[in-house]
Amino acid sequence: MTTIVFFLLASLIVTLLLDAGVHPRRGRLRRLSGVAVHVLTVTGVFGLFLAVAGNSVVAAVLATGMVAVLAVASNAKHRMLGEPLVFSDLALLAAVVRHPRFYFTAVSLRQRWLAGVATLAAALVLISQVSWSAPAHLTGAVLTGGAGIGLLLCLRSRWLVEAMQTPALEPDLRDYGLITTLLTYWLRWRETADPPAAVPIQVNRSHHAPPEVIVVIQCESFADPVAITGDARHALPGLAAVRAQAWRHGDLAVSGFGAYTMRTEYGVLFGRSEAALGFRRYDPFLSAHGETSHALSARFGGAGYRCTFVHPHDMRFYGRDRLMPASGFDRVIGLEAFASTSPQGGRYVDDRTLGTMLGDLVAGTAGPTFVYAVTMENHGPWHGEDGAAGELDSYLKHVRSSDAMLTDLTARLAADGRPALLVFYGDHRPSIPGVSMPGADRHTPYVMLRFGPGGTPIGTGERVDVTPADLHHAVLACVSAPAA
């Protein structure tokens, strides 16, 4: 028993020190309620491993290792993306297992082999230390049960029930610690109710002809190179041209940096602000099945539009294979439609190929049509790709392809002659060390181009900075009549 107590106390001390090193750091001690949740959680995990292995050393190593992995992952994420670990990140573990190449391309094959061998060796050593001593297993079960009951009572206590009622991730992490913030935010997320269903829209025919064709393109990691480098030589001619004739353009105030495509995608597609989402904001696709009536596809579909979703990648990412049909898309086109295409954009289907496909799709339709596309070419990492001297050079190569796609689609919609709306925006900035780093500026560009009958552009290049949810409502307003 003395040995068990010693290694439990050692685990608690080490994990509290690990937690104290999680960024952003607090200049003083964590709140007592946060420390209590941390202690009870680690005790419960220690007890669980002790109940399984019967060895206090193994239990201490695994419990401490779990906290160490979370702390290291959180600090790495904060350094690269400007945000600490949040509960919804754990939902991505299944995607990491299913598509390791998507997440680990920045890690060399040699490093992956070394990590795999080291993990296997550590597992074999720990397994060899498993004990069949009944008292140790029983003690572990008692520790797990007692810590679990204490944790439930602590999380439901007045000190935590009244805390963290609205999302404030970095201040909450500084005050309560990583473990407590992860658990409490998860509970708040579970307690969040679905919104009321959205009301059907009525087509507005009072001013400009409503667009018969609507194409919305979410461009992966698309940012204005001048904005992220300060170098006017990197200006994109297509973006500059469409801004001049746009119905509306400006900065899109996205919340994610270097990642979190789904946050921007949700905002534009579903139109609910982060304030309205509350704790759902960190991965709104996890709860979007209860909000499908708010999607542009559901609302346009109810007004007679045929809706198509296009994404040249595995649709299982973020559950798009299930969510998009449930949100009113009549047709979902994934990577299989590009199987015969030789990608010019590196590992992914290039944007000009996608743009050609979108133009052909529009040309082959009759009647009101809504197309929502999510590109892939600009997805990182960019270093060394196609012999590029550096990450920026490689990124610029791909972003120019996106710019060419924008130019091509603008010309094709104008030539089509039907009243049309083209919306193009970046989902987040790229994370490029030394060039594009987490900071105050996260915005990406967006443009809205309207074409009247005959393909004549409607607009004077008005600049309006918006959020993704604002952009949703701006798109909706081009079709729907104002509420009475």
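Predicted model only: the values in this text are computed from it and were never measured.

Some details on the overall build of the protein
Working step 1: Counting its regular elements, the protein contains 19 helices and 8 strands.
Working step 2: In the protein, the proportion of contacts linking residues at least 24 apart, taken out of those at least 6 apart, comes to 78%.
Working step 3: As displayed, the protein offers around 21400 Å² of accessible surface, 63% of which is attributable to carbon and sulfur atoms.

A look at the pattern of salt bridges
Working step 1: Taken as a whole, this structure holds 20 salt bridges when the rule is applied.
Working step 2: Note that Asp-175 is salt-bridged to Arg-31, the shortest N-O span being 3.8 Å. Taken together, the residues span a long stretch of sequence, with Asp-175 in helix 9 (residues 169-176) and Arg-31 in the loop between helix 1 (2-20) and helix 2 (32-53) at a distance of 144 residues.
Working step 3: In this structure Arg-31 comes out as partly exposed when scored by relative accessible area, which is 41%.
Working step 4: A salt bridge links Arg-463 to Asp-251; the nearest nitrogen and oxygen atoms lie 2.8 Å apart. One end of the pair, Arg-463, is in the loop between strand 8 (457-458) and helix 19 (468-477); the other, Asp-251, is in strand 2 (residues 248-252), and 212 residues separate them in sequence.
Working step 5: Residues joined in a network through salt bridges with shared partners are Lys-77, Glu-83, Asp-89 and Arg-263.

Brief notes about the pairing of strand 3 (residues 306-310)
Working step 1: The buried fraction of strand 3 amounts to 4 of the 5 residues, a majority that puts the element mostly inside the structure.
Working step 2: Sheet topology places strand 3 next to strand 5 (residues 369-374); 5 bridges connect them, and they run parallel. Following the sheet pairing, Cys-307 is matched in strand 5 by Phe-370.
Working step 3: Relative to strand 4 (residues 331-333), strand 3 runs parallel, the two sharing 3 bridges. Looking at the pairing, Thr-308 lines up with Arg-331 of strand 4.

Some details on the environment of Gly-426
Working step 1: Along the chain, Gly-426 turns up in strand 6 (residues 420-426).
Working step 2: Taking the relative accessible area as the measure of exposure, Gly-426 reaches 0% and is therefore buried.
Working step 3: Sequence separation of Gly-426 and Thr-375 is 51 residues, and the distance between their C-alpha atoms is 9.8 Å.
Working step 4: With near-sequence residues (within four places) excluded, Gly-426 lies in contact with Cys-219, Phe-222, Leu-252, Val-254, Thr-264, Thr-444 and Pro-445.

Thoughts on the packing of aromatic side chains
Working step 1: Taken as a whole, this structure holds 14 aromatic pairs when the rule is applied.
Working step 2: Taking 6.1 Å as the distance between ring centres and 20° as the angle between the ring planes, the aromatic pair formed by Phe-329 and Phe-370 counts as stacked. You can see Phe-329 sitting in the loop between helix 16 (320-326) and strand 4 and its partner Phe-370 sitting in strand 5, a full 41 residues away along the chain. Each member of the pair Phe-329 and Phe-370 is classed as buried.
Working step 3: For Arg-450, the ring lying beneath its charged end belongs to Trp-247, and the centroid distance is 4.7 Å.

Details of the nonpolar core
Grouped burial of nonpolar side chains is what soluble globular proteins tend to show.
Working step 1: Judged by nonpolar contacts, the single largest core of 40 residues is most densely connected at Phe-300, Phe-370, Tyr-372 and Leu-471.
Working step 2: For this core, the leading source of residues is helix 13 (residues 261-270), giving 5 residues.
Working step 3: What Phe-300 contacts, discounting residues up to four positions off in sequence, is Ile-201, Ile-214, Tyr-305, Cys-307, Phe-370, Val-475, Leu-476 and Val-479.
Working step 4: Counting 37 residues, the second-largest nonpolar core is a separate cluster that includes Leu-236, Val-371, Leu-422 and Val-447.

Some words on the packing of helix 9 against helix 10 (residues 178-191)
Working step 1: At a minimum axis separation of 7 Å, helix 9 and helix 10 run at an interaxial angle of 130°. With respect to helix 10, the element helix 9 is oriented oblique. Where helix 9 crosses over helix 10, the two elements pack in a sense that is right-handed. Within the contact between the two elements, helix 9 uses Leu-169, Asp-172, Leu-173 and Tyr-176 and helix 10 uses Leu-178, Thr-180, Thr-181 and Tyr-185.
Working step 2: Here the contact of helix 9 with helix 10 is composed, by residue class, of 5 nonpolar, 2 polar and 1 charged.

Focus: the side chain of Thr-139
Working step 1: Checked against the element boundaries, Thr-139 lands in helix 7 (residues 134-155).
Working step 2: Among the polar contacts listed, one links the side chain of Thr-139 to the backbone oxygen of Pro-135, at a separation of 2.8 Å.
Working step 3: Residues contacting Thr-139, with those up to four places away along its chain left out, are Met-1, Ile-4 and Leu-50.

Re unusual backbone geometry
Working step 1: For the bond from His-23 to Pro-24, the omega torsion is -5°, close enough to zero to count as cis.
Working step 2: Within the secondary structure, Pro-24 is located in the loop between helix 1 and helix 2.
Working step 3: Not every positive phi belongs to a glycine, and Tyr-260 is a case in point at roughly 65°.
Working step 4: Position of Tyr-260 relative to the elements: it lies in the loop between strand 2 and helix 13.

Some remarks on the pairing of strand 5
Working step 1: For strand 5, the tally of buried residues reaches 6 of 6 residues, placing the bulk of the element in the interior.
Working step 2: Side chains Thr-369, Val-371 and Ala-373 project from strand 5 onto one buried face, and the interleaved Phe-370, Tyr-372 and Val-374 project onto a second face that is buried too.
Working step 3: Across 6 bridges, strand 1 (residues 213-219) lies against strand 5 in parallel orientation. Residue pairing for strand 5: Ile-217 is matched across the bridge by Ala-373.

Some remarks on the environment of Ser-56
Working step 1: Its place among the elements puts Ser-56 in helix 3 (residues 56-81).
Working step 2: Residues Ser-56 and Phe-7, spaced 49 residues apart in sequence, show a C-alpha to C-alpha distance of 6.3 Å.
Working step 3: Among residues more than four places away in sequence, those in contact with Ser-56 are Thr-3, Ile-4, Phe-7, Phe-46 and Leu-50.

Some words on helix 10
Working step 1: The end-to-end C-alpha distance of helix 10 is 20 Å, a good match for the 20 Å that 14 residues give at a rise of 1.5 Å each.
Working step 2: Along helix 10, the residues that are buried comprise Leu-178, Ile-179, Thr-180, Thr-181, Leu-182, Thr-184, Tyr-185, Leu-187 and Arg-188.
Working step 3: Those residues of helix 10 that are buried lie in contact with helix 1, helix 2, helix 3, helix 7, helix 8 (158-161) and helix 9.

Considerations on the environment of Trp-186
Working step 1: Among the structural elements, Trp-186 can be located in helix 10.
Working step 2: Of the residues examined, Trp-186 reaches a relative accessible area of 37% and is grouped as partly exposed.
Working step 3: Counting along the chain gives 94 residues from Trp-186 to Arg-280, while the straight-line C-alpha distance between them is 9.5 Å.

The rules behind each value
- Residues numbered from 1 in each chain as written.
- Predicted model: local features only at pLDDT ≥ 70, side-chain atom pairs only at ≥ 80, totals over all residues.
- Heavy atoms only, no water.
- Helix = DSSP H or I, 4+ residues; strand = E, 2+ residues; numbered from the N terminus.
- Contact = heavy atoms within 4.5 Å.
- Areas by Shrake-Rupley, 256 points an atom, 1.4 Å probe, with all protein chains shown as cover.
- Salt bridge = Lys/Arg side-chain N within 4 Å of Asp/Glu carboxyl O.
- Buried < 20%, exposed > 50% of the residue type's maximum accessible area, 1.4 Å probe, protein only.
- Pairing = 2+ DSSP bridges.
- Phe/Tyr/Trp six-rings, centres within 6.5 Å; stacked < 30°, edge-to-face > 60°.
- Lys NZ or Arg CZ within 6 Å of the ring centre and 35° of its normal.
- Core = buried A, V, L, I, M, F, W, Y, C linked by side-chain atoms within 4.5 Å.
- Axes fitted to C-alpha atoms, helices over the stretch in contact; angles between N-to-C directions.
- Parallel < 35°, antiparallel > 145°, perpendicular 65-115°, else oblique.
- Left-handed = near helix turned anticlockwise from the far one by under 90°.
- Nonpolar A, V, L, I, M, F, W, Y, C, P; charged D, E, K, R; others polar.
- Polar contact = N/O pair within 3.5 Å; in protein donor to acceptor, adjacent residues only side chain to side chain.
- Expected span 1.5 Å × (residues − 1).

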